[in-house]
Amino acid sequence: AQTVTQSQPEMSVQEAETVTLSCTYDTSESDYYLFWYKQPPSRQMILVIRQEAYKQQNATENRFSVNFQKAAKSFSLKISDSQLGDAAMYFCAYRSLNQAGTALIFGKGTTLSVSS
Amino acid sequence: KAGVTQTPRYLIKTRGQQVTLSCSPISGHRSVSWYQQTPGQGLQFLFEYFSETQRNKGNFPGRFSGRQFSNSRSEMNVSTLELGDSALYLCASVKRGESDTQYFGPGTRLTVL
């Protein structure tokens, strides 16, 4: 069974600085998708970024980018120019392509605080 | 385009009761998934429905059930509630293509007393 590990329960960053959140996963599959979701205090889960495993190019969405290291099974999220609104819990998620459906396996999350 | 909606947003029940939660997906999305979020276990997949058929199921007891209607709206039911069922229940609708990305609703907060 696949597992997702986020080793940093909490992280902090100052406004305008850069922070990197770590995620590792365990799988024997070669094709899968990876996601980062953000959950602010409102509890609404918001998609931040996604990565297809077959794509070597790291995904980027504005200030958010990933460092996808397939061989190392690592999928870190870099937030540049951090803003107060980035404060939230961030979840890394894995989706197997060898299953019926689109179920996600989530890590335990990293709580990011942003200070001014 | 309206997002995923879930009703009710908050529920308080007592042990032994049953509860039904509702989820309306984004227009055009035909697949709905349910997740349970607790501080101890984190986010766990419950089940997924597509075209009124259960496509996948997580490791939860039979007290947890769901269904999907022809308009893609979905309900989940929990019978004989236990204290440990207190959680945030999240519904997600899936956009086919784009990695089958899941878009989440605001959740229903269930408290079992």
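The following paragraphs examine the structure supplied in this document.

Rules used in this analysis
- Residues numbered from 1 in each chain as written.
- Chains lettered and ligands numbered in written order.
- Predicted model: local features only at pLDDT ≥ 70, side-chain atom pairs only at ≥ 80, totals over all residues.
- Heavy atoms only, no water.
- Disulfide = S-S within 2.5 Å.
- Helix = DSSP H or I, 4+ residues; strand = E, 2+ residues; numbered from the N terminus.
- Buried < 20%, exposed > 50% of the residue type's maximum accessible area, 1.4 Å probe, protein only.
- Contact = heavy atoms within 4.5 Å.
- Buried area = accessible area lost by both parts, 1.4 Å probe.
- Polar contact = N/O pair within 3.5 Å; in protein donor to acceptor, adjacent residues only side chain to side chain.
- Nonpolar A, V, L, I, M, F, W, Y, C, P; charged D, E, K, R; others polar.
- Pairing = 2+ DSSP bridges.
- Axes fitted to C-alpha atoms, helices over the stretch in contact; angles between N-to-C directions.

Residue and element names in this part refer to chain A. One pass over the full model with this rule turns up two disulfides over all chains. A sulfur-sulfur separation of 2.0 Å characterises the disulfide bridge that pairs Cys23 with Cys92. As the torsion about the S-S bond is roughly -70 degrees, the Cys23-Cys92 disulfide counts as left-handed. With Cys23 in the loop between strand 3 (19-21) and strand 4 (24-26) and Cys92 in strand 10 (residues 88-96), the pair connects residues that are 69 residues apart, well separated along the chain. Under the relative-accessibility criterion, Cys92 is labelled buried at 0%.

As a further point, take the environment of A:Arg43. All names here are of chain A. Mapped onto the elements, Arg43 comes out in the loop between strand 5 (32-39) and strand 6 (46-52). On the basis of relative accessible area, Arg43 is assigned to the partly exposed category, the value being 30%. Sequence-wise, Arg43 and Gly109 are 66 residues apart; in three dimensions their C-alpha atoms are separated by 13 Å.

Here we come to unusual backbone geometry. All names here are of chain B. Pro8 follows Thr7 through a cis peptide bond whose omega is -10 degrees. Assignment of secondary structure puts Pro8 in the loop between strand 1 (5-7) and strand 2 (10-13). Unlike most non-glycine residues, Thr80 shows phi in positive territory, near 45 degrees. Here Thr80 shows up in the loop between strand 8 (74-78) and strand 9 (87-94).

All names here are of chain B. Structurally, Lys13 is set in strand 2. For Lys13, a relative accessible area of 22% translates into the label partly exposed. Separated by 22 residues in sequence, Lys13 and Tyr35 have C-alpha atoms that sit 19 Å apart. In this structure, Lys13 is in contact with Gln18, Val19, Leu81, Leu110, Thr111, Val112 and Leu113, ignoring residues within four places of it in sequence.

Residue-level contacts link 20 residues of chain A with 24 residues of chain B. A combined buried area of about 1800 Å² lies between chain A and chain B, and 48% of that area is made up of carbon and sulfur atoms. Seen at the junction of chain A and chain B, the total is ten residue pairs in polar contact (both at pLDDT 80 or more). When residues of the side of chain A that touches chain B are traced back to their parent elements, those giving at least two are strand 5, strand 6 and strand 10 of chain A. For the side of chain A that touches chain B, the element with the highest residue contribution is strand 5 of chain A, accounting for four residues. Tallied by class, residues from the side of chain A that touches chain B come to ten nonpolar, five polar and five charged.

Residues and elements named next belong to chain B. Strand order in the open sheet made by the four strands is 1-3-8-7, with antiparallel pairing throughout. Strands with a single pairing partner mark the edges of an open sheet, and in this sheet they are strand 1 and strand 7 (64-68). When the angles between neighbouring strand axes are averaged without regard to direction, this sheet yields 20 degrees. Relative to strand 8, strand 3 (residues 19-24) runs antiparallel, the two being bridged by five bridges. Counterpart to Cys23 in the pairing with strand 8 is Ser74.

By themselves, these figures tell us nothing about what the structure is for.
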